[in-house]
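Observations on the model geometry
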Amino acid sequence: MGSKIRHSVVEISFSVIRRPRKTIVIRVKEGLVEVVADPRVSLEYIFNLIEKKEKWIKNKLKLSLPKKELIYENREEHYYLGRAYRLNISVVENKADEGIFLEDDILNLNILNDTKEYKKKMLEAWYRNMAKYYFNRIAEGLCDKLKPDGISMPEISVRKMSRRWGTCHYYKKRIILNLSLIKVPIELIRYVILHELCHFKYPNHSKEFYGYMWQFEPELKQKKEKLKAYEKVL
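A short tour of the structure in this document, coming up. (Residues numbered from 1 in each chain as written. Predicted model: local features only at pLDDT ≥ 70, side-chain atom pairs only at ≥ 80, totals over all residues. Heavy atoms only, no water.)

Here we look at the packing of helix α4 (residues 186-198) against helix α5 (residues 207-214)
As a reminder, the rule being used: A fitted line through C-alpha atoms serves as each axis, taken over the contacting stretch for helices, and the angle formed by two N-to-C directions is quoted from 0 to 180°. Secondary structure elements are taken from DSSP: a helix is a run of H or I of four residues or more, a strand is a run of E of two residues or more, and numbering for both begins at the N terminus. Working rule for angles: under 35 degrees goes down as roughly parallel, over 145 as roughly antiparallel, 65 to 115 as roughly perpendicular, anything else as oblique. Note: crossing handedness is left-handed where the near helix turns anticlockwise from the far helix by less than a right angle, and right-handed where it turns clockwise. Two residues form a contact once any of their heavy atoms are found within 4.5 Å. Any residue outside Ala, Val, Leu, Ile, Met, Phe, Trp, Tyr, Cys, Pro, Asp, Glu, Lys and Arg is labelled polar, Gly included; the first ten of those are nonpolar and the last four are charged.
Where α4 contacts α5, the two axes come as close as 10 Å, and the packing angle between them is 130°. When the axis of α4 is compared with that of α5, the two are oblique. For the crossing formed where α4 meets α5, the hand is right-handed. Taken together, the residues of α5 that come into contact with α4 (itself represented by Y191, L194, H195 and C198) are F209, Y210, Y212 and M213. Per-class residue counts for the contact of α4 with α5 are seven nonpolar, one polar and no charged.

Here it is, written out as structure tokens:
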């Protein structure tokens, strides 16, 4: 198992696990940081590494916190295209004044009804409209590149899913994408859609599938790791 000792550097608390190994691994999960290192690696070296990785670790920590139930109240964080926005709710008197708009880091929600159910319904409808727009535009751009291999624009559906970012029904020429995918950065939306489109050529996860996908996205592992950090928005 190895020894495990708690430390703190640059306002980051972390555990050091001593275990025979050639490389150092920094793990960030559910608000906890662990450094797995060989017993021969000095604490000074580990502390310097934590300082060097400070920004990366803090970003990971923010995204790795356990998922919280949304309450749809002022200043609550809601993600959109990879960025966190603070909710600002205003009750209006006329239907014509209802709407959602972004301003700096604020997500303004103008509504007639201040109940949780109404706010949730309105915000999800807005997410769905944005998702349909971005998902289709991104898919169209990718299909232009995949066209020489016989891959054309499929039907794209948006649904709420709890465990997947997307799925491909290649026999129906249809892709289903998670509504929450609109909450992650554009580059990761592109990665997910590309993954599903490539299944129209290889309906599996074989070496050939990943080799084909790599031609259009060389940073497969990096994108996959980045996407994991957003699992709390699923």
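There's plenty left to go through after this.
Examining the pairing of strand β11 (residues 174-178)
Heads up, the condition is: Categorising residues by exposure relies on relative accessible area from a 1.4 Å probe, with only protein chains included: less than 20% of the type maximum marks a residue as buried, more than 50% marks it as exposed, and the intermediate range marks it as partly exposed. At least two bridges found by DSSP between two strands is the condition for calling them paired.
Of all five residues in β11, five are buried, a share of seventy percent or more. The two faces of β11 match: R174, I176 and N178 on one face and I175 and L177 on the other face are all buried. With five bridges connecting them, strand β9 (residues 155-159) and β11 associate as parallel partners. Among the inter-strand pairings, I156 is bridged to a residue of β11, identified as I175. One ladder, built from four bridges, connects strand β10 (residues 166-169) with β11; its direction is antiparallel. By the bridge assignment, T167 is partnered in β11 with I176. Count of turn residues in the β10/β11 antiparallel hairpin: four residues, of which K173 carries a positive phi of about 55°.

Some details on the packing of aromatic side chains
Which entries qualify depends on this criterion: Stacked, tilted and edge-to-face are the three classes assigned to paired rings of Phe, Tyr and Trp, where Trp is represented by its six-membered ring and a pair needs centres within 6.5 Å; plane angles under 30 degrees give stacked, over 60 edge-to-face, the rest tilted. Any Lys NZ or Arg CZ found within 6 Å of a ring centre and within 35 degrees of that ring's normal is scored as a charge over the ring.
Applying the stated criterion across every chain yields a total of 10 aromatic pairs. Relative to Y134, the ring of Y133 has its centre 5.3 Å away and its plane inclined at 85°; by these criteria the two rings are edge-to-face. In this structure Y133 comes out as partly exposed when scored by relative accessible area, which is 46%. Grouping aromatic residues by their ring pairs yields a cluster made of Y80, Y85, W126 and Y127. Against the face of Y212 rests K201, its NZ or CZ located 5.6 Å from the ring centre.

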